[in-house]
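# Chain and residue survey
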Amino acid sequence: MKIDVLTLFPEMLDALNCSLTGKAREKGLYLLQCHNIRDYSRDKHKKCDDAPFGGGAGMVMMPQPIHDAICAVDPTHSAKRIYMSPRGRVLTQQLVKELSQQQHLLILCGHYEGVDQRVLDMDIDMELSIGDYVLSGGEIPAMVLIDSILRYVPDVLGNSQSTEDESFSQPLLEYPQYTRPQNFCGLTVPEVLVSGDHAKVDQWRREQSLEITRKNRPDLLEK
Ligand code: 4FV
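First things first, this report covers the structure right here in the doc. One numbering rule holds for all chains: residues counted from 1, following each sequence as written. Totals for whole chains, interfaces and linings use every residue, but because this is a predicted model, local features are given only for residues with pLDDT of at least 70 and side-chain atom pairs only at 80 or more, for both listing and counting. Just so you know, side-chain values use all the structure's heavy atoms and leave hydrogens and water out.

A few words on the nonpolar core. Here the nonpolar core consists of buried residues drawn from Ala, Val, Leu, Ile, Met, Phe, Trp, Tyr and Cys, with membership extended through side-chain atoms lying within 4.5 Å. When a residue's accessible area, from a 1.4 Å probe over protein chains only, is under 20% of the maximum for its type it is buried; when over 50% it is exposed; and in between it is partly exposed. Grouped together as the largest cluster of nonpolar side chains are 28 residues, with contacts concentrated most on Ile3, Leu99, Leu128, Leu145 and Ile146. Secondary structure elements are defined from DSSP: runs of H or I of at least 4 residues count as helices, runs of E of at least 2 residues count as strands, and each element is numbered from the N terminus. Mapped by element, the contributors of at least two residues to this core are β1 (2–7), β5 (80–90), α3 (93–99), β6 (104–109), β7 (126–129) and α5 (139–150). Here the element with the most residues in this core is α5; it accounts for six residues. Contact definition: two residues touch when any of their heavy atoms are within 4.5 Å. With sequence-adjacent residues up to four places away left out, isoleucine 146 is seen in contact with Ile3, Val5, Leu13, Leu16, Leu32 and Ile107. Residues Leu6, Cys48, Met61 and Val73 belong to the second largest nonpolar core, which totals 17 residues.

In the vicinity of the ligand lie 17 residues, with His111, Ile130, Gly131, Tyr133 and Leu135 positioned nearest. In the model, a nitrogen atom of the ligand is placed 3.3 Å from a nitrogen or oxygen of the serine 85 main chain. Within 3.5 Å is the distance limit for a polar contact, defined as a pair of N or O atoms, with the added protein rule that one can donate a hydrogen and the other accept it, and that residues adjacent in sequence qualify only through two side-chain atoms. A distance of 3.3 Å separates an oxygen atom of the ligand from a polar atom in the backbone of histidine 111. Accessible areas in this description were obtained via Shrake-Rupley with a 1.4 Å probe; residue shielding takes into account the shown protein chains only. For the ligand, whose unbound accessible area comes to 370 Å², protein coverage reaches 96%. Buriedness of a pocket was judged along seven lines, with at least five required to meet protein on both sides within 12 Å; pockets are open sets of points on a 1 Å grid over the protein atoms alone, cavities are sets where a 1.4 Å probe fits but cannot get out, and lining residues have an atom within 4 Å of a point. Assignment of a molecule to a cavity or pocket requires that more than half of its atoms lie within 2 Å of the corresponding grid points. Of all the cavities here, the one that holds the ligand is the second largest pocket. Elements with a minimum of two residues in the shell around the ligand: β5 and β7. When residues of the shell around the ligand are assigned to their parent elements, the largest contribution, three residues, is made by β5. A breakdown of the residues in the shell around the ligand according to their chemical character gives nine nonpolar, eight polar and no charged. Nearness of a residue to a molecule or strand requires only that one of the residue's heavy atoms be within 4 Å of it. Classification used: nonpolar for Ala, Val, Leu, Ile, Met, Phe, Trp, Tyr, Cys and Pro, charged for Asp, Glu, Lys and Arg, polar for all others including Gly.

This paragraph deals with the sheet that holds β7. Strand pairing is assigned whenever DSSP identifies at least 2 bridges connecting the two strands. Taking strand neighbours across the sheet as the criterion, the five strands line up as β2-β1-β6-β5-β7 in an open arrangement whose pairing is parallel. A strand with exactly one partner marks an edge of an open sheet, and here the two such strands are β2 (31–36) and β7. Mean inter-strand twist for the sheet, computed between neighbouring axes without regard to direction, equals 30°. In the sheet, β5 pairs with β7 via five bridges, with the strands oriented parallel. Axes here refer to lines fitted to C-alpha atoms; in helices the fit is confined to the stretch in contact. Angles between the N-to-C directions go from 0 to 180 degrees.

This part takes up the packing of aromatic side chains. In this description, an aromatic ring pair is defined by two values, namely the gap between the centres and the angle between the planes. Here the aromatic set is Phe, Tyr and Trp, taking the six-membered ring for Trp, and pairing holds for ring centres within 6.5 Å; pairs whose planes are under 30 degrees apart are stacked, those over 60 apart are edge-to-face, and all others are tilted. Going through the model one piece at a time under the given rule, you end up with one aromatic pair. Between tyrosine 178 and tryptophan 204, the aromatic rings sit 6.5 Å apart at their centres with planes inclined by 50°, giving tilted as the arrangement. Linking tyrosine 178 in the loop between α5 and β8 (183–184) with tryptophan 204 in helix α6 (residues 198–216), this pair joins segments that are 26 residues apart in sequence. Judged by relative accessible area, tyrosine 178 falls into the partly exposed class, the value being 44%.

What follows is the structure in structure tokens.
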């Protein structure tokens, strides 16, 4: 999988060089390239934002640097081009799974009040939101999208890990997890988990998932 990220702050994406995503990148399981939109500004001062027509607070990212960056990075439109925005379709595990099948993603990160609509109309395939709240930039949402997608890329997760048994891959939320020590601050691990009876463990985990889902996300049970 090839991922191109267009941003005013490419250094923010360095966070992906840690942990699982970092190891996968070192192993060449995916190719991530970050492109600084400011490098494509034709303004002598490299200006990339301006005041909104019609008035209003804040600044809007100008269309020219973004359009030129997209055309330079993805000249044949081979990528699925995604703009991270609270206005977009909300990201779900199902959508993550679908997007993980793409060979090439281009992710545009907005800043300030957002991006000139004309570049979205001309160049973007999909607006995507990570949730109903407003952030200062699209870089963190882009990292959320990349991290969630990479977990479906072959060999990124070790053999011992799986995407099958976790929250949202099933319609129920994940059951509680425990590890050593068995007694921590006087709190012990549920006996069933150390019983060796796998059928009982599976039953306990399903009951816990149901209880947690009922408490925190009853809407998932309706589905
Ligand atoms: C966002 C979200 C988000 C809005 C203005 C970036 C910011 C600035 N992106 N899911 N929620 N983006 O808040 O994806 O341009």
